[in-house]
Amino acid sequence: PRPPPARRASPDLKPPRPPWADEADVVKHTVEILGAAAERALKAVDLANALRSRVGVGALSRVREHHGGLLSLLERHACVQVVRVPKHDVVRLAPPPAGGSG
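Residues numbered from 1 in each chain as written. Predicted model: local features only at pLDDT ≥ 70, side-chain atom pairs only at ≥ 80, totals over all residues. Heavy atoms only, no water.

A. Spatial organisation of the overall build of the chain. Secondary structure summary: the chain contains four helices and three strands in total. Listing the helices and strands of the chain from first to last along the sequence gives α-β-α-α-α-β-β. Taking the contacts inside the chain whose residues are at least 6 apart along the sequence as the reference set, 48% of them involve residues at least 24 apart. (Helix = DSSP H or I, 4+ residues; strand = E, 2+ residues; numbered from the N terminus. Contact = heavy atoms within 4.5 Å.)

Laid out in structure tokens, this is it:
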């Protein structure tokens, strides 16, 4: 008997993004969003909604899968501070380093 024909990949399918690419996009957009926010801070839920519209649900799902969630990812980056308060987590831009130009 003949083997079944080989399946061809659809030309519309993109290769999966590496986790670090999503991480970089999320952190970059987080800094941009917080920079435009009043007091350079947002409730985590508001930040997540803004990120969803910029990077998409897929990127945030991959962040949750690889890092355990948005806040867990952001806690690893010195450019932001995560203040964990039950039902009212806040994410803010970290102050610029002493002697910095910011």
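B. Examining the environment of arginine 76 more closely. Within the secondary structure layout, arginine 76 lies in the loop between α4 (70-74) and β2 (80-83). Taking the relative accessible area as the measure of exposure, arginine 76 reaches 55% and is therefore exposed. There is a polar contact of 2.8 Å between the side chain of arginine 76 and the side chain of histidine 67. (Buried < 20%, exposed > 50% of the residue type's maximum accessible area, 1.4 Å probe, protein only. Polar contact = N/O pair within 3.5 Å; in protein donor to acceptor, adjacent residues only side chain to side chain.)

C. Just the nonpolar core, in detail. If you look at the biggest cluster of nonpolar residues, it comprises 20 residues, and the most contacted ones within it are Val26, Leu47, Leu51, Leu70, Leu74, Val80 and Val91. Elements represented by at least two residues in this core include exactly α1 (19-36), α2 (44-55), α3 (57-67), α4, β2 and β3 (90-93). With five residues, the single largest contributor to this core is α2. The residues contacting leucine 70, other than those within four sequence positions of it, are Val26, Ala48, Leu51 and Val63. (Core = buried A, V, L, I, M, F, W, Y, C linked by side-chain atoms within 4.5 Å.)

D. The packing of α2 against α3, seen in detail. The geometry of α2 relative to α3 is characterised by a closest axis approach of 7 Å and an angle of 120° between their N-to-C directions. Here α3 runs oblique to α2, going by the angle between their axes. Facing α2, whose interface residues are Ala48, Leu51, Arg52 and Val55, α3 presents Val57, Ala59 and Leu60. For the contact of α2 with α3, the residue count by class is six nonpolar, no polar and one charged. (Axes fitted to C-alpha atoms, helices over the stretch in contact; angles between N-to-C directions. Parallel < 35°, antiparallel > 145°, perpendicular 65-115°, else oblique. Nonpolar A, V, L, I, M, F, W, Y, C, P; charged D, E, K, R; others polar.)

E. Structural detail: the pattern of salt bridges. On inspection of all chains with the given rule, the structure shows three salt bridges. Between arginine 62 and aspartate 22 there is a salt bridge whose closest N-O contact spans 2.5 Å. Remark: aspartate 22 occurs in helix α1 and arginine 62 occurs in helix α3; sequence separation between them is 40 residues. Judged by its relative accessible area of 28%, arginine 62 is partly exposed. Across the salt bridge formed by arginine 84 and glutamate 75, the nearest N and O atoms sit 3.0 Å from each other. Taking relative accessible area as the criterion, glutamate 75 reaches 43% and is therefore assigned partly exposed. (Salt bridge = Lys/Arg side-chain N within 4 Å of Asp/Glu carboxyl O.)

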